[in-house]
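# Structural overview
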Amino acid sequence: MSDWIKTIFEKVKNLNSSIDKFKEETVIQSLPSYTYVTRAKALIEKNQFEDAKQILIQALELPQKDPLVYKYLGSVYEKLGDFENSVEAYQTSADLNPQDKLIWQRLGFALMSVKKFENAEKSFENANKIYPGNSDTFTGWGMALMKLQKYPEAHEKFAEAARLNKYNFTAIFLGAVMEIKLEMYDKAEMKLTFLANVCPNANNTFEFARLKSLKNDFDSAVHYAKKSIELNKKMLPSYILLGEIYTKRFDFDNAQHYFSAAEAEGLENPMLYLEWGKSLKKFEKYDDAKAKLLKSVELDAENLESSAYLGLCCVSRKEFDEAKPLLRKVLDKQPENHTVKQALAIIAFEEGDTTKAMELFRTDDEDAVNAYYLAKCYERLGNDTKVKDYYETALRVNPVYITAFISYAQYLLSKGEYAEAQRKLRKALKADSENIVLLNLMFYVSYILVKNNVYEYNVKETLSVAEKIEKINPDLFEYPEQKLELTSLLDNCTERK
């Protein structure tokens, strides 16, 4: 065989080999895209999402771009929690076939998952243009508007979703949430009552509890919050709400119980520690409050409320240098922050700037702490009428405010108003029966009153206060000489009998 014939033969041989290899590599590619989609759908129905994803990714190699491939790929990514890729796939599908009845709706929900709420709003609007009157579309549209804080518009969408489908309980529930936000409490209560009877769950039961709390029906709020926890032990908002309600009721033990219960369930969250810290601060447990608020800031350093309360707590502990950077951080973004103003007012008071302190405290003189410090300011100024008015306000707003009770009692003692001081101390001891400062003050004021009017019963009652202090810690009793004097008086009373 001549050389040129051999050359041609080899070329043909090589060409045939290349063609065979091409055919081998493109067997799968020769199948239509709907075959891939069909295979992927079967895998999706079996929850084999990774396998379905691989099939659909292979389909992307086909020359033609099929919107169905991208649509189902978006669905698979969504089920796998890969929302960024889900958005990209859905968007491509929508671009390829913008008349698809549901693609804009699916894209809208995926955009919600990646917090692109403005884009989601537009996507749901498109969905309604292509396929009007779909209840789920209006539900998603309302959710996007809700996230954008367009509450009236969101409320309208949820109402339309519920009108289109009276069994769309999600839309009914979210409509009630918006009505609470818009202070349409009666309408919200009707919806939540319906849901409580038809499809009770942890979420709508919690919202019912929250609504009852807003309406100051605390017994019902507690009932529904507890029921919410029964339905779902991980329902963190219900634990927090119970802690807040019991704090408002000045029930320290129950408040701390529910905050602790949430933590025991593993529900560590910046809002849990913020509200827990605020509760502890209200009960003047500043060391524990600071620990919880530090935890809240650690979990969410950008939460200004946590920083503000941590700063206030540091001020309450006289840790001004630690507090000031925290307060400045909040003040830069929220110049009118109430908590920061209170903290700065306390600093001004402690540093002797009474005028500045009073100016800041007066911004809310119905706050117990502000009222207490205004009473202290007026003590400095010698205005006895205002002193009493503001102490009374502080104790009316917070009837377990032990520091205010102590200061008020000391003030009344300084003015010789012993009987009134004794009455205040008795109230205080109902809230904190083993407080050593209160007990010492009670012994001293009772000692003075007993000396002016000696009765055996009164002497015994006063001595019992001394004995209670000594039982707790004998080193903390401040009036041993007065006790000896009363013991002698009691002996004389017994001898006369």
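In short, a report on the structure. Please read these numbers as outputs of a predicted model, since none were measured by experiment. (Residues numbered from 1 in each chain as written. Predicted model: local features only at pLDDT ≥ 70, side-chain atom pairs only at ≥ 80, totals over all residues. Heavy atoms only, no water.)

Moving on to the overall build of the protein. When helices and strands are counted, the protein shows 28 helices and zero strands. Radius of gyration (C-alpha) of the protein: 36 Å, far over the 23 Å computed for a compact globule of 497 residues. Per-residue burial for the protein yields a buried fraction of 46% across its 497 residues. Counting contacts in the protein only where the partners sit at least 6 residues apart, residues at least 24 apart contribute 48% of the total. Here the protein displays about 26400 Å² of accessible surface, and carbon together with sulfur accounts for 50% of that area. Between the centroid of the 69 positive side chains of the protein and the centroid of its 76 negative side chains there is a distance of 3 Å. (Helix = DSSP H or I, 4+ residues; strand = E, 2+ residues; numbered from the N terminus. Rg over C-alpha atoms; globule rule 2.2 N^0.38 Å. Buried < 20%, exposed > 50% of the residue type's maximum accessible area, 1.4 Å probe, protein only. Contact = heavy atoms within 4.5 Å. Areas by Shrake-Rupley, 256 points an atom, 1.4 Å probe, with all protein chains shown as cover. Lys, Arg positive; Asp, Glu negative; His and termini not counted. Charge placed at Lys NZ, Arg CZ, Asp CG, Glu CD.)

Our focus in this paragraph is the pattern of salt bridges. Summed over the entire model, instances satisfying the criterion amount to 31 salt bridges. The partner of Glu420 in a salt bridge is Lys424, with the nearest N and O atoms 3.5 Å apart. Pair noted here: Glu420 and Lys424 are both in helix α25 (residues 418–431), with a separation of four residues, about one helical turn. Overall, Lys424 belongs to the buried group, its relative accessible area being 7%. The partner of Lys483 in a salt bridge is Glu470, and the shortest N-O contact between them spans 2.8 Å. (Salt bridge = Lys/Arg side-chain N within 4 Å of Asp/Glu carboxyl O.)

For Ala52, the location among the structural elements is in helix α3 (residues 49–59). Sequence-wise, Ala52 and Lys79 are 27 residues apart; in three dimensions their C-alpha atoms are separated by 11 Å.

Another point: helix α4 (residues 67–79). The terminal C-alpha atoms of α4, which comprises 13 residues, lie 18 Å apart, in line with the 18 Å expected from a rise of 1.5 Å per residue. The complete set of buried residues in α4 reads Val69, Tyr70, Lys71, Leu73, Gly74, Ser75, Val76, Tyr77 and Glu78. Summarising the contacts, the buried residues of α4 are in contact with α2 (33–45), α3, α5 (83–96) and α6 (103–113). Put simply, Asp66 is the residue that caps the front of α4, since its side-chain oxygen is 2.9 Å from the backbone nitrogen of Leu68. (Expected span 1.5 Å × (residues − 1). Polar contact = N/O pair within 3.5 Å; in protein donor to acceptor, adjacent residues only side chain to side chain.)

The final tally for this structure, using the stated rule, is 21 aromatic pairs. Taking 5.7 Å as the distance between ring centres and 10° as the angle between the ring planes, the aromatic pair formed by Tyr378 and Tyr390 counts as stacked. With a gap of 12 residues between them, Tyr378 in helix α22 (residues 368–381) and Tyr390 in helix α23 (residues 384–397) connect regions that are remote in the sequence. With a relative accessible area of 9%, Tyr378 lands in the buried category. (Phe/Tyr/Trp six-rings, centres within 6.5 Å; stacked < 30°, edge-to-face > 60°.)

Moving on to unusual backbone geometry. The phi angle at Lys115 is positive, at roughly 65°, despite the residue not being glycine. Residue placement: Lys115 occurs in the loop between α6 and α7 (117–130). A positive phi is found at Glu183, a non-glycine position, where the angle reads about 60°.

Further remarks concern the packing of α3 against α4. At their nearest, the axes of α3 and α4 sit 9 Å apart, and the two run at 150° to each other. The angle between the axes of α3 and α4 places the two elements in the roughly antiparallel class. When the axes of α3 and α4 are compared, the crossing they make is left-handed. Each of Phe49, Ala52, Lys53, Leu56, Ile57 and Ala59 in α3 lies in contact with α4, whose residues at this interface are Val69, Tyr72, Leu73, Val76, Tyr77 and Lys79. (Axes fitted to C-alpha atoms, helices over the stretch in contact; angles between N-to-C directions. Parallel < 35°, antiparallel > 145°, perpendicular 65-115°, else oblique. Left-handed = near helix turned anticlockwise from the far one by under 90°.)

All right, on to the side chain of Gln342 then. By the secondary structure assignment, Gln342 is in helix α20 (residues 338–350). Ignoring sequence-local partners within four residues, the contact set of Gln342 consists of Lys281, Leu312, Phe361, Asp367, Val369 and Asn370.

Attention now goes to the nonpolar core. Formed by 139 residues in total, the largest nonpolar core has its most connected members in Leu192, Val315, Phe361, Tyr401 and Phe443. Top contributing element to this core by residue count: helix α26 (residues 436–452), with 10 residues. Setting aside anything within four residues of it in sequence, one finds Phe361 in contact with Gln342, Ala345, Ile346, Phe349, Asn370, Tyr373, Leu374 and Cys377. Residues Tyr36, Ile44, Leu73 and Ala89 belong to the second largest nonpolar core, which totals 16 residues. (Core = buried A, V, L, I, M, F, W, Y, C linked by side-chain atoms within 4.5 Å.)

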